[in-house]
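Chain by chain, the residues:
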Amino acid sequence: MEKAKVLRNLEKLVNRDFGFINAGRILLVANSKSITEDLLNSICFKLGIEPNRIHKADLVKIIDHFKTLDI
């Protein structure tokens, strides 16, 4: 239930017009206690993404990674 809500919120963010966002914006949009800054930073480093400059293609990669997690 929680995971579906988080994924839905993040997919809404992908549809918005932006050049880049930072990890803090993803945390606000996700609105989940199970997604922490440390978790998001580790995902970014694992995928080779700079946490302070996340583009749309990078956000899609992060969403795909969240789908594999058990949150």
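A.B. asks: Lay out the environment of N41 in plain terms, naming residues and giving numbers.
C.D. replies: One can find N41 in helix α3 (residues 37–47). As for N41 and K61, which are separated by 20 residues in sequence, their C-alpha atoms are 13 Å apart. Discounting residues that sit within four places of it in the chain, N41 has contacts with A23 and P51.

A.B. asks: An account of unusual backbone geometry is needed here, citing residue identities and associated values.
C.D. replies: It is generally the case that most residues other than glycine have a negative phi and that most peptide bonds are trans. The backbone phi angle of N31 is positive, close to 50°, even though this residue is not glycine. Note that N31 resides in the loop between α2 (23–30) and α3.

A.B. asks: Go over the packing of α3 against helix α4 (residues 56–68) with me, naming the residues and quoting the values.
C.D. replies: The N-to-C vectors of α3 and α4 enclose an angle of 115°; their axes lie 11 Å apart at closest approach. Taken together, α3 and α4 sit at an angle that is classed as roughly perpendicular. As α3 runs across α4, the sense of the crossing is right-handed. Across the interface between the two elements, L39, L40, I43, C44, K46 and L47 from α3 touch K61, I62, H65 and F66 from α4. Partitioning the contact of α3 with α4 into residue classes produces seven nonpolar, one polar and two charged.

What counts, and at which threshold
The residue numbers shown here count from 1 along each chain, following its written sequence. Totals for whole chains, interfaces and linings use every residue, but because this is a predicted model, local features are given only for residues with pLDDT of at least 70 and side-chain atom pairs only at 80 or more, for both listing and counting. To get the side-chain values, all heavy atoms of the structure are used, and hydrogens and water are removed first. By the criteria applied, helices consist of DSSP H or I runs no shorter than four residues and strands consist of E runs no shorter than two, each listed in order from the N terminus. Whether two residues touch is decided by their heavy atoms; if any such pair falls within 4.5 Å, the residues are in contact. A fitted line through C-alpha atoms represents every axis, and for helices the fit uses only the stretch in contact; the resulting angles, taken between N-to-C directions, go from 0 to 180 degrees. Angle categories are assigned with fixed cut-offs, so that under 35 degrees is roughly parallel, over 145 is roughly antiparallel, 65 to 115 is roughly perpendicular, and the rest are oblique. The crossing is said to be left-handed when, going from far helix to near helix, the turn is anticlockwise and less than a right angle, and right-handed when the turn is clockwise. Polar here means any residue outside two lists: the nonpolar Ala, Val, Leu, Ile, Met, Phe, Trp, Tyr, Cys and Pro, and the charged Asp, Glu, Lys and Arg; Gly therefore counts as polar.

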